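As a plain string of letters, each chain reads:
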Amino acid sequence: MSPIDRSGTVQLALPKGRIQEGVFELFADAGIRIRLGARGYRPNLSIPGFEAKLLKPQNVVEMLGGGLRDVGFAGVDWVVEKGAELVELLDTELDPVRLVAAAPADLLLSGGLPEGPLVVASEYERLTRQWMTRRGIEGSFVRTYGATEVFPPEDADVIVDNTATGDTLAANGLEIFDEVLQSSTRMFANSKALDDPDKRRVIEDLTLVLRSVIEARSRAMVELNVDSERLETVIQSLPTMREATVSRLHGDGGYAIRAAVPRSQLVLLIPELRERGASDIVITRPDQIVP
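Visitor: Whenever I open this one, the overall build of the protein chain confuses me. Can you help?
Guide: On a plain count of helices and strands, the protein chain comes out with 9 helices and 14 strands. Relative to its length of 291 residues, the protein chain is extended, with a C-alpha radius of gyration of 25 Å against a globular reference of 19 Å. For the protein chain, the spread of C-alpha atoms along the principal axes amounts to about 80 × 60 × 35 Å. Taking all 291 residues of the protein chain together, 44% fall into the buried category. Within the protein chain, counting contacts between residues at least 6 apart in sequence, those at least 24 apart form 70% of the total. Of the accessible surface of the protein chain, which amounts to about 15,400 Å², a share of 46% is contributed by carbon and sulfur atoms.

What follows is the structure in structure tokens.
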């Protein structure tokens, strides 16, 4: 495949399928509208500099690797499976899955595989063959095209498949006994696109605004008041990104503090702030945070 030059326009590959909704929502939260017109596979972005196309994640990786697309979104699992040499720009933290090995429980001996040739089925041929080599597993590989979990026990002894919760595997009588890879939806670029100064600037700007949304999703803005005597003890309890913003209240009645803190710590942090003398505590959700 030969790269296509379209006068500096960044060729963007957006994922089609189950991970599309999360990526589109990420763009929307960054203030970027994606409009699907009559030609549904070629959406328009509300910001200049991009020409977008919807592709399956596997094809996103192939197009990026071949230089036909400059930047795109796909799971780490397919990047590794395709052996693509891409530059990771951003972990969206969307669609976290594990690539695991599973087998019927009655096949496993003390949580491990029996000796002898085995039939291993998967959509991921490269990753599965590498895993079989690492584990010293002898046998044959069967390429699947979806619904890998239904192959055992009649058509395969073991499968390698991705899972978010393991529920589908368990429902089909399969037990996870090994982890091959952890994956999530990430933003990748072809290295040659980053060598172009104009494209690099556009790509870095997009990465910055999307990262600001991801950062904001994990944090909350805490605003509170505290008297002078308890100012330092309250500040010490705040897990801030850098330093909290502190300003005097009217009439020298104490201080107002504002800080972005990890959202996951709020359940313990709010009672602690009250105990240390904070009052008028207000929690808000930021839309974007640029460190």
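Read on for the rest.
Visitor: Help me understand helix α4 (residues 125–135), please; the structure alone is not making it clear to me.
Guide: Two residues of an α-helix separated by three or four positions point the same way, owing to the 3.6 residues in each turn. Inspection of α4 places Leu127, Thr128, Trp131 and Met132 among the buried residues, and these make up the whole buried set. Down the axis, α4 shows its buried residues gathered within 135° of arc, on one side only. In α4, the exposed positions that point more than 90 degrees away from the buried face belong to Thr133 and Arg134. Buried residues along α4 sit against α3 (76–82), β6 (87–104), β7 (118–122), β8 (139–143), β9 (158–163) and β10 (174–189). Once α4 finishes, Gly136 follows within two positions and takes phi at roughly 70°, a positive value.

Visitor: I keep staring at the packing of helix α1 (residues 20–29) against helix α7 (residues 197–217) and nothing clicks. Help me out?
Guide: Helix packing geometry: the angle between the two helix axes and the distance between the axes. Direction vectors running N to C along α1 and α7 enclose 95°, while the axes themselves pass 9 Å from each other. Looking at the two axes, α1 sits roughly perpendicular to α7. Only Leu206, Leu210, Val213, Ile214 and Arg217 of α7 make contact with α1, whose side of the interface consists of Glu25, Leu26, Phe27 and Asp29. Within the contact of α1 with α7, the residues separate by chemical class into 6 nonpolar, no polar and 3 charged.

Visitor: Where do I start with the pattern of salt bridges in this structure?
Guide: Side-chain pairs of opposite charge can arise where the charged atoms are in close proximity. By the definition in use, this model includes 13 salt bridges. Arg219 is the partner of Glu215 in a salt bridge, and the nearest nitrogen-oxygen pair spans 2.8 Å. Through salt bridges that share partners, Glu88, Asp91 and Arg186 make up one connected network.

Visitor: Got a minute to help me understand the sheet that holds strand β13 (residues 255–262) in this structure?
Guide: Two strands in a sheet stick together by hydrogen bonds in their backbones, pointing the same way (parallel) or opposite ways (antiparallel). Taken in spatial order, the 4 strands make up an open sheet running β12-β13-β11-β14, and their pairing is antiparallel. Two strands lie at the open edges of the sheet, namely β12 (245–248) and β14 (279–284), each paired on one side alone. In this sheet, adjacent strand axes meet at a mean angle of 15° when their direction is disregarded. Bridging between β12 and β13 involves 4 bridges; their strand directions are antiparallel. Counterpart to Val246 in the pairing with β13 is Ile257. Packed on one face of the sheet, helix α9 (residues 266–275) meets β11 (219–226), β13 and β14 and runs near 160° to β14.

Visitor: Got a minute to help me understand the nonpolar core in this structure?
Guide: Burial of nonpolar side chains together is a common tendency in soluble globular proteins. Leu12, Leu14, Phe27, Leu45 and Leu210 are the most contacted members of the largest nonpolar core, which totals 29 residues. Residue assignment for this core shows that the elements contributing at least two residues are β1 (10–15), α1, β4 (50–55), β5 (71–75), β6, β10, α6 (191–195) and α7. The biggest single contributor to this core is α7, with 6 residues. Residue contacts for Leu14: discarding those within four places in its chain leaves Val23, Phe24, Phe27, Ile34, Pro43, Leu45, Ala52, Lys53, Leu54, Leu55, Val60 and Phe73. Core analysis: the next-biggest nonpolar cluster, separate from the first, contains 28 residues, Val60, Tyr124, Phe177 and Val180 among them.

Visitor: I'm lost on the pairing of β8 in this one. Help?
Guide: A regular strand carries its side chains on alternate faces of the sheet. Pairing of β7 with β8 involves 5 bridges; the strand directions are parallel. Paired with Leu118 across the strands is Gly139, a residue of β8. In this region the chain leaves β7, passes through α4 and returns to the parallel neighbour β8; the handedness of that crossover is right-handed.

Visitor: Explanation requested: unusual backbone geometry in the structure shown.
Guide: What is expected of a backbone is that most residues other than glycine have negative phi and most peptide bonds are trans. Note the cis peptide between Pro152 and Pro153, where omega equals 0°. Looking at the secondary structure, you find Pro153 in the loop between β8 and β9. Of note, Asp280 is a non-glycine position whose phi angle comes to about 55°, a positive value. By the secondary structure assignment, Asp280 is in strand β14.

Visitor: How should the sheet that holds β6 be read in this particular structure?
Guide: Read across the sheet, 8 strands follow the order β4-β1-β5-β10-β6-β9-β7-β8 without closing on themselves; strand pairing throughout is mixed. Unpaired on one side and paired on the other, β4 and β8 mark the two borders of the sheet. Across this sheet, the average inter-strand angle for adjacent strands is 25°, counted without regard to direction. In the sheet, β7 pairs with β9 via 3 bridges, with the strands oriented parallel. Bridge pairing in β9 places Ala121 opposite Ile159.

Definitions and limits used
- Residues numbered from 1 in each chain as written.
- Predicted model: local features only at pLDDT ≥ 70, side-chain atom pairs only at ≥ 80, totals over all residues.
- Heavy atoms only, no water.
- Helix = DSSP H or I, 4+ residues; strand = E, 2+ residues; numbered from the N terminus.
- Rg over C-alpha atoms; globule rule 2.2 N^0.38 Å.
- Buried < 20%, exposed > 50% of the residue type's maximum accessible area, 1.4 Å probe, protein only.
- Contact = heavy atoms within 4.5 Å.
- Areas by Shrake-Rupley, 256 points an atom, 1.4 Å probe, with all protein chains shown as cover.
- Arc of directions from axis to C-beta.
- Axes fitted to C-alpha atoms, helices over the stretch in contact; angles between N-to-C directions.
- Parallel < 35°, antiparallel > 145°, perpendicular 65-115°, else oblique.
- Nonpolar A, V, L, I, M, F, W, Y, C, P; charged D, E, K, R; others polar.
- Salt bridge = Lys/Arg side-chain N within 4 Å of Asp/Glu carboxyl O.
- Pairing = 2+ DSSP bridges.
- Core = buried A, V, L, I, M, F, W, Y, C linked by side-chain atoms within 4.5 Å.
- Right-handed = clockwise from strand over helix to strand, strands pointing away.

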